[in-house]
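# What the coordinates show
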Amino acid sequence: MKAETWFKHPAGILISSAGATLLWGSALPVIKISYEHFRIDSKNVFGEWVFAGYRFALAGLLLMLLAMLMGHARGQGRKPLSMPRLVRLGLIQTFLQYLVLYAGLSYSSGIEGSILVGSTSLFQILSARLMDKSESLNPAKWFGLLLGFFGILVMGFAQQGVQFHFGIGAILLLASAAFGGFGNVLFRKESAGESVIALTGKQMLIGGLALLAVGAVRSGVAPFRFDAKGWLLLLYLSVLSAAGFALWNTVMKYNAVGKVSLYLFLIPVFGVLLSAVLLDERVSAWIGLSLGLVVAGIIIVNRSGQAGKRKAARAESAERGM
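As the structure is a prediction and not an experimental result, all values here were calculated from the model. (Residues numbered from 1 in each chain as written. Predicted model: local features only at pLDDT ≥ 70, side-chain atom pairs only at ≥ 80, totals over all residues. Heavy atoms only, no water.)

A few words on the overall build of the protein. Across its full length, the protein carries 13 helices and zero strands. Reading the secondary structure of the protein in the N-to-C direction produces α-α-α-α-α-α-α-α-α-α-α-α-α. Buried positions account for 48% of the 322 residues belonging to the protein. Sequence-distant contacts in the protein: of pairs separated by 6 or more residues, those separated by 24 or more amount to 89%. Surface accessibility of the protein: about 15,400 Å² in total, with carbon and sulfur atoms responsible for 67%. (Helix = DSSP H or I, 4+ residues; strand = E, 2+ residues; numbered from the N terminus. Buried < 20%, exposed > 50% of the residue type's maximum accessible area, 1.4 Å probe, protein only. Contact = heavy atoms within 4.5 Å. Areas by Shrake-Rupley, 256 points an atom, 1.4 Å probe, with all protein chains shown as cover.)

Okay, the environment of Pro139 next. Position of Pro139 relative to the elements: it lies in helix H7 (residues 139-160). Assessed through its relative accessible area of 68%, Pro139 is described here as exposed. Once the C-alpha coordinates of Pro139 and Val301 are considered, the two residues, 162 residues apart in sequence, prove to be 9.5 Å apart.

With that out of the way, let us pick up the pattern of salt bridges. Tallying each qualifying case throughout the model produces four salt bridges. In this structure, Lys8 engages Glu4 in a salt bridge whose closest nitrogen and oxygen atoms are separated by 3.0 Å. Here Lys8 pairs with Glu4, and both are found in helix H1 (residues 3-8), just four residues apart, close to one helical turn. A relative accessible area of 38% means that Glu4 is categorised as partly exposed. Taking the shortest distance from any N to any O, the salt bridge between Arg88 and Glu190 comes out at 2.7 Å. Remark: Glu190 occurs in helix H8 (residues 168-190) and Arg88 occurs in helix H4 (residues 83-105); sequence separation between them is 102 residues. Since its relative accessible area comes to 40%, Arg88 is described here as partly exposed. Put simply, Arg85, Arg88 and Glu190 are held in one network by salt bridges that share partners. (Salt bridge = Lys/Arg side-chain N within 4 Å of Asp/Glu carboxyl O.)

The next subject is the nonpolar core. One finds Phe51, Tyr102, Leu211 and Trp248 to be the most contacted residues of the largest nonpolar core, which totals 65 residues. Considering every element that reaches this core, the biggest residue donor is helix H10 (residues 228-254), with ten residues. For Leu211, the contacting residues outside a window of four places in its chain are Trp49, Val50, Ala52, Gly53, Phe56, Thr94, Phe95, Tyr98 and Leu99. Within the second largest apolar cluster, eight residues are counted, among which are Leu81, Leu86, Phe187 and Leu199. (Core = buried A, V, L, I, M, F, W, Y, C linked by side-chain atoms within 4.5 Å.)

With that settled, consider the packing of H4 against helix H9 (residues 196-219). One can describe the packing of H4 onto H9 by two numbers: an axis separation of 8 Å at closest approach and a directional angle of 55 degrees. On the basis of their axis angle, the class for H4 and H9 is oblique. Between H4 and H9 lies a crossing whose hand is right-handed. Residues Leu86, Val87, Leu89, Gly90, Leu91, Gln93, Thr94, Phe95, Tyr98 and Leu99 of H4 lie in contact with H9, whose contacting residues are Leu199, Lys202, Gln203, Met204, Ile206, Gly207, Gly208, Ala210, Leu211 and Val214. Among the residues forming the contact of H4 with H9, the class breakdown is 13 nonpolar, six polar and one charged. (Axes fitted to C-alpha atoms, helices over the stretch in contact; angles between N-to-C directions. Parallel < 35°, antiparallel > 145°, perpendicular 65-115°, else oblique. Left-handed = near helix turned anticlockwise from the far one by under 90°. Nonpolar A, V, L, I, M, F, W, Y, C, P; charged D, E, K, R; others polar.)

Between its first and last C-alpha atoms helix H12 (residues 266-279) spans 19 Å; for 14 residues at 1.5 Å apiece the expected length is 20 Å, and the two agree. Residues of H12 that are buried: Leu266, Ile267, Pro268, Val269, Phe270, Gly271, Val272 and Ser275. A positive backbone phi angle near 60 degrees is found at Asp280, which sits one or two residues after H12. (Expected span 1.5 Å × (residues − 1).)

This part covers the packing of aromatic side chains. By the definition in use, this model includes 13 aromatic pairs. Between Phe46 and Trp49, the ring centres sit 5.1 Å apart and the planes meet at 75 degrees, which makes this aromatic pair edge-to-face. A residue pair is termed a helical-turn pair when its members lie 3 or 4 positions apart in one helix, as Phe46 and Trp49 do in helix H3 (residues 45-70) at three residues. One aromatic cluster in this structure is built from Tyr35, Phe38, Phe51, Tyr54, Phe224, Phe226 and Trp231. (Phe/Tyr/Trp six-rings, centres within 6.5 Å; stacked < 30°, edge-to-face > 60°.)

Quick look at the confidence of the model for the protein now. For the protein, per-residue confidence averages 81 on the pLDDT scale, and 81% of positions sit at 70 or higher. Here residues 312-319 is a poorly scored stretch, pLDDT under 50, and it has zero contacts once near neighbours within four places are set aside; other chains count. (pLDDT = per-residue confidence, 0-100.)

Another point: the side chain of Ser16. With respect to the helices and strands, Ser16 occurs in helix H2 (residues 10-38). By relative accessible area, Ser16 is classed as buried at 4%. Among the polar contacts listed, one links the side chain of Ser16 to the side chain of Trp6, at a separation of 3.2 Å. In this structure Ser16 touches Trp6, Phe7, Leu247 and Val251, once residues within four positions along its chain are discounted. (Polar contact = N/O pair within 3.5 Å; in protein donor to acceptor, adjacent residues only side chain to side chain.)

See the structure below:
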């Protein structure tokens, strides 16, 4: 089965999207474990940027190596992306998204992070509508999006109670979601003539090196002492970032943005469930309702897309019969 056939098939979309969000969700507890191991304080944002820089630069190198082994390093027979456009993509999808994310988390609670980062789906859909007029936004898609976002609200408030205030942290987290949503759509546009694996690797390497450079201004290039456990943690986070972004960018390349964006709501849900397993954190019974709302939103959006295709097919058949 060709890659395009798999990533356009309903089962391929479901497995790939759920896999990417599961990997990203697992990053949340593993990052906490890593910060504790390397003694990175939650207010030490420069140290967090350095650690993120190592993580994404290594992930980029792993993907570029994989692309070379697969023979995809030179793209798919078309002219590769120019350096200015490649740098722009890396700065938006990796550097700016995570620069403001870690800064925002240092001023916010975990619930604020889950809710506001969950708005990436909304920014992704809006960005797609602005960049591609063929992206349709019908009432069913908006209703599915609302259900997914409400699912994140239920999960967050059930875990920590109604504790929310809009300040600098919230603004930075919203900015991160905006950069993430726009970056995903921009990647979809720029990947037309490039291998997804090679392009993902190159943009992550650029973004990771930029994060490392900014964080090193205050923390230095090597503020951590790496032992065997430290290397394993960094390697896992790098591999999950590489695999997660490669899967998600490929799904985005072959499908309408509005059809797959709601899967991003699964990231904080998976994060909470895996935190319970890895960190022995308390999980509210409301997590089931949260997951149900997110899944219901995904089903509604996908069924609306299938109904739209059937309607278009009937209309085309009627025209041919005239």
